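Per-entry structural report
Okay, here's what each chain looks like letter by letter:
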Amino acid sequence: MFADLNVPVPTLSKQQLSQAAASKKGKGKQEQSGPAPAFSPAQVAAIESRIDLLVHLGYSVLAFNRTVERKVDPKTFVNTLDPLLGQLRKRPGVVYLKRLTIVLDEESEKGFGLTNGNAALFAPYDLLALVPTTAGSFSLACLTHTQPTPLTTHIISLPLTLPRLPFNLRHTLVRAALKNGAVFEINYAGALGGEGDPALSIPSGSESGAGAKRNWWAAAREVARVTKGKGILVSGGVFNEADLRAPRDVANLITILGVAQDVAHDASTKVAQSLVLRAQTRRTYRAVLSEPKVVIPEGTSVPPLPDVEMADAQPGETQPGENVPPAGSNVKKRPLDQAGRTGATPAAPPAEGPQEGSGVDGTSRKKKKKNKGIAPAS
């Protein structure tokens, strides 16, 4: 199973967004059969052609990505991926996912919409991702937004096509994010020129072409060095069909960064599979999937287990470790008294005064008896 968790969708125009917002407002007044279509037939046809090529290359899990800059405004935000999935053709064996990516900058550090009050806006999305472009937003993404909550972001997509990474990849932040279950995404679109990279929408990231390739290779090597190959997710992020690559070609491309071949293969298979499964914990309490239960197939008989009670033994029962007399022997037990089980009387406490082996003057009696038998010399 190969997955491409970054299939970007075209950006809607203001007229299309206004139509979608108007249909969103009209839902409260009258019931609608389904979400209003937001994409034009030409855009849907282009996405269908790209999906056919991805399936032909061997991908079976596709995540359609919508990118939002700076913050999510609940007043103007409209979910456009649900209408898109309704317009796409169903393909057997292919899974469609919905992903939302938020590009963070200096203005979005104070708040970019990921709050509990807006949890209903992000519930329809299967994956949430952040693209930090400052040191503060990178620290916030690694430490805060990877905690198990209904708004957990499991993908941290790094802007690799910028002239220089705007923050240092500190080991403490990277280890904290990996421990919480987050992954660091590398889009191979930057190695092909950078077209379609969400970081290019930032004014400081206008470089593309040969400069974007050079920046991508330098930054991707740094990511592979800091993470040591752990928690790396490789996605496409490609708009043009000519830039799409097969999973094996992508794995060979990642090995040039200094990553082992098995790690490069897992970057688009096992890492993506575990990420999709972990992302489902946003709908549970503190990332707990379910309570395990034993299911017994029908037609099988299970013998009842004996009731074992950890209580005191009943009268007549023997305690473990107690000596049991042989059968047929007339052995009477001694009556118990306050002194103990054997019926022996407690010994009297020793009398105060000089001990038995010592005299008043401190000499022992044994020595006195020995001296008594010797007559004094005349």
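Residues numbered from 1 in each chain as written. Predicted model: local features only at pLDDT ≥ 70, side-chain atom pairs only at ≥ 80, totals over all residues. Heavy atoms only, no water.

1. Section: the overall build of the protein
Within the protein, the regular secondary structure consists of 11 helices and 7 strands. Residues counted as buried form 39% of the 378 residues belonging to the protein. A sequence separation of at least 24 residues applies to 80% of the contacts in the protein between residues at least 6 apart. Total accessible area on the protein stands at roughly 23500 Å², and carbon and sulfur atoms take up 54% of it. (Helix = DSSP H or I, 4+ residues; strand = E, 2+ residues; numbered from the N terminus. Buried < 20%, exposed > 50% of the residue type's maximum accessible area, 1.4 Å probe, protein only. Contact = heavy atoms within 4.5 Å. Areas by Shrake-Rupley, 256 points an atom, 1.4 Å probe, with all protein chains shown as cover.)

2. Examining the side chain of Thr153
By the element assignment, Thr153 lies in the loop between helix H5 (135-143) and strand S5 (155-157). You can call Thr153 buried: its relative accessible area is 1%. When near neighbours in sequence (up to four residues on either side) are disregarded, Thr153 contacts Leu114, Leu128, Leu130, His145, Thr146 and Ala182.

3. Here we look at the nonpolar core
Counting residues in hydrophobic clusters, the biggest one holds 66 residues, and the most contacted among them are Phe64, Leu88, Phe122 and Leu158. Residues Val61, Leu97, Leu127 and Leu233 belong to the second largest nonpolar core, which totals 14 residues. (Core = buried A, V, L, I, M, F, W, Y, C linked by side-chain atoms within 4.5 Å.)

4. Points about the packing of H5 against helix H6 (residues 171-179)
Remark: H5 packs on H6, axes separated minimally by 8 Å, with the N-to-C direction vectors making an angle of 35 degrees. Facing Phe138, Ser139, Cys142 and Leu143 of H5, the residues of H6 in contact are Leu173, Ala176 and Ala177. Its residues assigned to classes, the contact of H5 with H6 shows 6 nonpolar, 1 polar and no charged. (Axes fitted to C-alpha atoms, helices over the stretch in contact; angles between N-to-C directions. Nonpolar A, V, L, I, M, F, W, Y, C, P; charged D, E, K, R; others polar.)

5. Some thoughts on the pairing of strand S3 (residues 95-104)
Each regular strand carries side chains that alternate between the two faces of the sheet. Counting buried positions along S3 gives 9 out of 10 residues, so the element sits mostly inside the fold. Judged from the 9 bridges that link them, strand S2 (residues 59-69) and S3 form a sheet pairing that is parallel. For Asn65, the partnering residue across the bridge sits in S3 and is Arg99. With respect to chirality, the unit in which S2 leads through helix H3 (residues 81-87) into the neighbouring parallel S3 is right-handed. Strand direction decides the pairing type here: S3 and strand S4 (residues 127-132), joined by 6 bridges, are parallel. Within the sheet, the bridge partner assigned to Val103 lies in S4 and is Val131. (Pairing = 2+ DSSP bridges. Right-handed = clockwise from strand over helix to strand, strands pointing away.)

6. Here we look at the sheet that holds S5
Overall, parallel pairing links the 7 strands, which are arranged S1-S2-S3-S4-S5-S6-S7 in an open sheet. Only two strands of the sheet have a single neighbouring strand rather than two, namely strand S1 (2-8) and strand S7 (232-235). Sheet twist, expressed as the average angle between the axes of neighbouring strands with direction ignored, equals 30 degrees. Two strands pair when backbone bridges link them, and S5 and strand S6 (residues 183-187) are joined in this way by 3 bridges, in the parallel orientation. Bridging from a neighbouring strand, Ile156 pairs with Phe184 of S6. Relative to S4, H5 is tilted by about 150 degrees, and along the sheet it contacts S3, S4, S5 and S6.

7. Some details on the pattern of salt bridges
All chains considered together, the criterion is met by 7 salt bridges. A salt bridge links Asp82 to Lys98; its shortest N-O distance comes to 2.6 Å. Here Asp82, found in helix H3, pairs with Lys98, found in strand S3; they are 16 residues apart in sequence, far enough to count as distant. A residue is classified by how much of its surface remains accessible, and Lys98, at 12% relative accessible area, is buried. For Arg225, the salt bridge goes to Glu222, with nearest N and O atoms at 2.6 Å. Residue Arg225 and its partner Glu222 are both found in helix H7 (residues 210-227); the two are separated by 3 residues, about one turn of the helix. In this structure, a network of salt bridges that share partners links the residues Glu48, Asp52, Arg89 and Arg91. (Salt bridge = Lys/Arg side-chain N within 4 Å of Asp/Glu carboxyl O.)

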